[in-house]
Structure formats: structure tokens, C-alpha cells
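Close look at the chain arrangement
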Amino acid sequence: MKKLCIFFATAILGGLFLVGCQPSAGRKFRVYDNGAAYTAGDFTCKSEEVTRIEIDWLGGSVEVGQTPSDRVFVAEEENELPDEKRVHTYLSEGVLRVKYCRSGCWGEIDETQKNLQVTIPKGIDVEINSVSANVFLGVLEAGELSVETNVGNVEAESVVCYSADIETLHGYIGIGSLTAKEIELENVFGEVHLGLPVCQHTEIETKKGNVTLYLWGDVCASIGFETQKGILQTERKYEQKDGRYLFRTKGNQSVTQALPTPILIRTVSGNLYVR
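Residues numbered from 1 in each chain as written. Predicted model: local features only at pLDDT ≥ 70, side-chain atom pairs only at ≥ 80, totals over all residues. Heavy atoms only, no water.

**Thoughts on the overall build of the protein chain**
Counting its secondary structure elements, the protein chain contains one helix and 24 strands. Burial status across the protein chain gives 49% buried among its 275 residues. Put simply, 52% of the contacts in the protein chain that link residues at least 6 apart link residues at least 24 apart. Just so you have it, the protein chain exposes about 12,900 Å², and 48% of that area is on carbon and sulfur atoms. (Helix = DSSP H or I, 4+ residues; strand = E, 2+ residues; numbered from the N terminus. Buried < 20%, exposed > 50% of the residue type's maximum accessible area, 1.4 Å probe, protein only. Contact = heavy atoms within 4.5 Å. Areas by Shrake-Rupley, 256 points an atom, 1.4 Å probe, with all protein chains shown as cover.)

Structure, rendered in C-alpha cells:
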């Protein structure tokens, strides 16, 4: 749980750094590099111009989906905010940076008006950093995927990517289907629900949150479950070998007859449910 403790500390510091101090006149938001180069409001460009997107968001929500067109779109749901409090974007050398508001902006911002919607092309890297915003990923094909949030939820419909690293402190992680070479999910206090159609390597860590794995189709799994107080609960058939739980396919084929998916689950008191 060492990495979780480090994440807990850095997330708190990151949240304070993002919102800054809060004097009587209002709130000062983080000053970021190249602030003068950012453009306020909705943004679009050709898909071929973007190889990576980096989103820094505070509250409200972030929704990322795939674009069927040849353009990238960044927009907020209709709001009446002044330009300095609207989304700000900056495209440089293939990296599209998306910020919550103007660099060093002063004042209060109504989070109900900060609902970001982004559509991107297939295959690009995606990085999302949030304090309290809920993050939703639709049907998505990406390169490297990284999502970090303090108290927001992270939900995804169906994601295919090279690698996935998703971390939260108090939120819920729920992913219908995730396919990647490397998967790392970390949640200190919330639950994790993950659907695995196929995977080469998966690590999930929680402190108190339960973990629910859905093994779709004919997926076999070799699960290592390290816990202090949690228990394994499942109605599926499995074997135990070398301290691991080996799950059969739904057709009752022995897991030893197929290449198992290696999974490691670590919790303190969270239970593991396998569906």
C-alpha cells in the first residue's frame, strides 16, 4: 500500500496547489506555464495535429469520447461564464493542453457550469488530472491512458489502449470493458468494478474498497489476492495453486488448458468478488 500512501499525500497537495489560497475576495486558481498562449472557450483542430491530450480540471465533469470525423473538439456545455473562467486550450508540438480556467484566475467558479466534453481521434495518449470532477470515458481507443482524481468518480464504457493507469482517493472506479497490455487501478477508500475481455497484466490496489471483477466471455484468470481482512466471494469454479486462484472459463474448460490472465489484487479490508 506504499504507493497508495504516496498518492494520498500528493493528491492533497495537488488539490491545494490547483485551487490556491482562498482570501476574502475569492479564490486564486493555479498559475500555469505559457498562460498567455492559451485560448479561451471552445476549441477545434484537425485530428492529425494532436498526438497527446492533457486535461487539468477541478470540479464539474470531464467526458471524453471518440470522434468519427477528422477533427478534435473541446467544449463546455452551455454556460454564461466570462472568458477568464471558461475552458482554456493550448496546442503545441502535437500536445493539446486543456485547463479549467485562465492562468491565475481570481474569483469563484460555478462548478455546475464546468462540464467539459472532448472528442479525440483514435490512438492518441490521454492524461486527465482532476480534483473533484467526475470523469467519464465512452467507447475509446487510445495510446497510453492516465487518469488521476481526488474525490471524483472514474467511469468508462469500453476502452482499448496500450496501457491504463487510473487512481482516485475517495471516488468510484467502474469500467465496463478494458483491454490493455498493462492495467493499474488504485483506489484508497472507494470501490473498483472492472470488466476484463482480455488482458496481459492487471494490478488493483484499494484500502477499504471492495473489488469486483467481471471476466467476460472465455477469459481465464490467475488471480493473486493479498489482503489483511478481505475475503474472496464468487460463484464461479476455480482451482487454487501456488497461492493463486485459477478461474475456469464459462464453458468449464480447465484454466490450465488456456493461457490465464495474470491479475494481482491488494486490499487492506476490501473484499474481492469475481463474476
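Still to come is the rest of the account.
**Remarks on the sheet that holds strand E8 (residues 115-120)**
Read across the open sheet, the eleven strands follow the order E2-E5-E8-E4-E10-E12-E14-E16-E18-E24-E20; overall the sheet is mixed. Edge positions in the open sheet fall to strand E2 (43-46) and strand E20 (232-234), since each of these has one partner strand only. Adjacent strand axes in the sheet meet at a mean angle of 10° when their direction is disregarded. Both strand E18 (residues 211-215) and strand E24 (residues 272-274) contribute to a ladder of three bridges, which runs parallel. Paired with Val 211 across the two strands is Leu 272, which belongs to E24. (Pairing = 2+ DSSP bridges. Axes fitted to C-alpha atoms, helices over the stretch in contact; angles between N-to-C directions.)

**Concerning empty space enclosed by the protein**
The method is simple in principle: a probe with the dimensions of a water molecule rolls over the atoms, and the space it marks as empty is what remains. Inspection of the entire model under this criterion finds two cavities of 30 Å³ or more. Of the pockets and cavities examined, the second largest cavity occupies roughly 30 Å³. For the second largest cavity, the full set of lining residues is Leu 137, Leu 145, Val 154, Glu 155, Ala 156, Val 159, Ile 166, Ile 175 and Leu 178. Elements that contribute at least two residues to the lining of the second largest cavity include exactly strand E12 (154-160) and strand E14 (173-179). (1 Å grid on protein atoms, 1.4 Å probe; cavity = no way out; pocket = protein on both sides within 12 Å on 5 of 7 lines; lining within 4 Å. Points joined across faces, edges and corners; volume = space filled by probe spheres on them.)

**A closer look at the side chain of Thr 67**
Checked against the element boundaries, Thr 67 lands in the loop between strand E4 (61-66) and strand E5 (71-76). Note on Thr 67: relative accessible area 11%, which makes it buried. Once residues lying within four places of it in the same chain are set aside, the contact partners of Thr 67 are Ser 47, Phe 73, Thr 119, Ile 120 and Pro 121.

**A short note on the side chain of Lys 99**
Within the element layout of this structure, Lys 99 appears in strand E7 (residues 95-99). Among the polar contacts made by the side chain of Lys 99, one reaches the side chain of Asp 56 at a distance of 2.5 Å. If sequence neighbours within four positions are ignored, Lys 99 has contacts with Arg 30, Tyr 32, Tyr 38, Asp 56, Trp 57, Val 87 and His 88. (Polar contact = N/O pair within 3.5 Å; in protein donor to acceptor, adjacent residues only side chain to side chain.)

**Quick look at unusual backbone geometry**
Although it is not a glycine, Asn 34 sits at a positive phi angle of roughly 55°. Its identity as a non-glycine residue notwithstanding, Glu 93 has a phi of 50°, on the positive side. Mapped onto the elements, Glu 93 comes out in the loop between strand E6 (88-92) and E7.

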